[in-house]
Amino acid sequence: QVQLVESGGGLVQAGGSLRLSCAASGSIFSINNVGWYRQAPGKQRELVATISRGGRANYADSVKGRFTISRDNAKNTVYLQMNSLKLEDTAVYYCNADISTKGLLSNYWGQGTQVTVSS
């Protein structure tokens, strides 16, 4: 059984920072690509950032220069450092990962963590 657990969300003023964590646990052989997604009320879930196992990162245009995705493979954890937060960053943030367990590659989602940016 594999679980992804996000943490680090909360309420922050515009211009502030938060760091989200996504920790994977269970019978994990390896974690491949990981992505952070977000979903604001009334909107579709959108991709925020991805990172490969080797550390190659990609970002949505809306967060480039403000957000940084990183990973610690030894801890099975991926981070999303969010700086210069804007009101429009308010959303539930989800972690998504391709994880190998005993020879099987499957895709997993976390339960989400709320990020609220206030003026």
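For the structure itself, consult the block above.
Residues numbered from 1 in each chain as written. Predicted model: local features only at pLDDT ≥ 70, side-chain atom pairs only at ≥ 80, totals over all residues. Heavy atoms only, no water.

So, about the sheet that holds strand β8 (residues 77-82). To summarise the sheet geometry, strands pair through backbone hydrogen bonds and adopt either a parallel or an antiparallel arrangement. Here we have four strands laid out as an open sheet, ordered β1-β3-β8-β7, and antiparallel in their pairing. Only two strands of the sheet have a single partner each, and these edge strands are β1 (3-7) and β7 (67-72). The sheet shows a mean angle of 15 degrees between the axes of neighbouring strands, direction not considered. (Pairing = 2+ DSSP bridges. Helix = DSSP H or I, 4+ residues; strand = E, 2+ residues; numbered from the N terminus. Axes fitted to C-alpha atoms, helices over the stretch in contact; angles between N-to-C directions.)

We now examine the state of the cysteines. All told, the structure shown has one disulfide when counted by the stated rule. Covalent S-S linkage joins Cys-22 and Cys-95, the inter-sulfur distance amounting to 2.0 Å. Between Cys-22 and Cys-95 the sulfur-sulfur dihedral comes to about -75 degrees; the bridge is accordingly left-handed. Linking Cys-22 in strand β3 (residues 18-25) with Cys-95 in strand β9 (residues 91-101), this pair joins segments that are 73 residues apart in sequence. Classification of Cys-22 as buried rests on a relative accessible area of 3%. (Disulfide = S-S within 2.5 Å. Buried < 20%, exposed > 50% of the residue type's maximum accessible area, 1.4 Å probe, protein only.)

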